[in-house]
Amino acid sequence: ADPRARPSRPARAARKAQRAAAEVEEHRAATWVEVAGQTANGLVHVLIGGIALGVAVGAGGTPDQSGAMGALGATPLGGLALWTVAAALLGLALHAWVLAVAASGPS
């Protein structure tokens, strides 16, 4: 193949996506999204740990993600808390995807 040949349309689109993802990755809001997502992830795992301790001492419960979400939903602001955690975890997943796209480009 001729190295001077113009890249294909998919290759140009991929490079454009990689550049856009790199710009998003550097934005201050990306840091906030990552922090919120990691905090929500930590909260879910702390709840799982608390439920596991409860199971160990005979208090019952389900020490997994569904049990943690059920415990969170049982709080007075449970619905709001669940939506907040869901949004933060979705943001974290999107952030991870952006990082992957940005990192997929040439070094």
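This one's a predicted model, so the numbers in the text were calculated from it and none came from an experiment.

Participant: Which residues make up the overall build of the protein chain, and what values do they have?
Facilitator: From N to C terminus, the protein chain includes four helices and zero strands. In terms of overall dimensions, the protein chain is more spread out than a globule: its C-alpha atoms have a radius of gyration of 21 Å, far above the 13 Å expected for 107 residues. Along the first, second and third principal axes, the C-alpha atoms of the protein chain reach 70 × 25 × 20 Å. Scored against the burial criterion, the 107 residues of the protein chain give a buried share of 21%. Sequence-distant contacts, at least 24 apart, represent 55% of the contacts inside the protein chain between residues at least 6 apart. Counting only carbon and sulfur atoms, one obtains 66% of the accessible surface of the protein chain, whose full area is about 7600 Å².

Participant: Tell me what's going on with the environment of A102, and back it up with residues and numbers.
Facilitator: Mapped onto the elements of the fold, A102 is located in helix α4 (residues 78–103). Residue A102 is classed as buried on the basis of its relative accessible area of 18%. Separated by 78 residues in the primary sequence, A102 and V24 have C-alpha atoms spaced 8.9 Å apart. Aside from chain neighbours lying at most four places away, what touches A102 is Q18, A21, A22 and E25.

Participant: Hey, could you go over the nonpolar core for me, with residue numbers and the actual values?
Facilitator: Counting eight residues, the largest nonpolar core is built from A40, V44, I48, I51, A68, L72, V85 and A88. Of all the secondary-structure elements, those providing two or more residues to this core are α2 (28–56), α3 (65–73) and α4. In terms of residues, this core owes the most to one element, α2, which gives four residues. Ignoring sequence-local partners within four residues, the contact set of I48 consists of P63, D64, Q65 and A68.

Participant: Let's hear about the packing of α2 against α3: which residues, and what values?
Facilitator: Between two packed helices, what matters for the description is the angle formed by their axes and the separation of those axes. It is the contact of α2 with α3, at a shortest axis distance of 9 Å, that shows an interaxial angle of 100°. On the basis of the axis angle, α2 is roughly perpendicular to α3. Between α2 and α3, the residues in contact are V44, L47, I48 and I51 and Q65, G67, A68, M69, A71 and L72, respectively. Residues belonging to the contact of α2 with α3 are distributed by class as follows: eight nonpolar, two polar and no charged.

Participant: Quick rundown of the confidence of the model for the protein chain? Include the residues and the values.
Facilitator: Scored by pLDDT, the protein chain has a mean of 87; 95% of the residues are at 70 or more. Averaged pLDDT values for the elements of the protein chain fall to 85 in α3 and rise to 92 in α4.

Participant: Could you give me a rundown of the packing of α2 against α4, with the residues and numbers involved?
Facilitator: For the pair α2 and α4, the least separation of the axes is 8 Å and the interaxial angle reads 125°. With respect to their mutual orientation, α2 and α4 come out oblique. Crossing of α2 over α4 shows left-handed handedness. Counting all contacts with α2, which are made through A30, V33, E34, A36, G37, Q38, A40, N41, L43 and V44, the residues of α4 involved are V85, A88, L89, G91, L92 and H95. Across the contact of α2 with α4, the residue classes tally to ten nonpolar, five polar and one charged.

Cut-off values and rules
- Residues numbered from 1 in each chain as written.
- Predicted model: local features only at pLDDT ≥ 70, side-chain atom pairs only at ≥ 80, totals over all residues.
- Heavy atoms only, no water.
- Helix = DSSP H or I, 4+ residues; strand = E, 2+ residues; numbered from the N terminus.
- Rg over C-alpha atoms; globule rule 2.2 N^0.38 Å.
- Buried < 20%, exposed > 50% of the residue type's maximum accessible area, 1.4 Å probe, protein only.
- Contact = heavy atoms within 4.5 Å.
- Areas by Shrake-Rupley, 256 points an atom, 1.4 Å probe, with all protein chains shown as cover.
- Core = buried A, V, L, I, M, F, W, Y, C linked by side-chain atoms within 4.5 Å.
- Axes fitted to C-alpha atoms, helices over the stretch in contact; angles between N-to-C directions.
- Parallel < 35°, antiparallel > 145°, perpendicular 65-115°, else oblique.
- Nonpolar A, V, L, I, M, F, W, Y, C, P; charged D, E, K, R; others polar.
- pLDDT = per-residue confidence, 0-100.
- Left-handed = near helix turned anticlockwise from the far one by under 90°.

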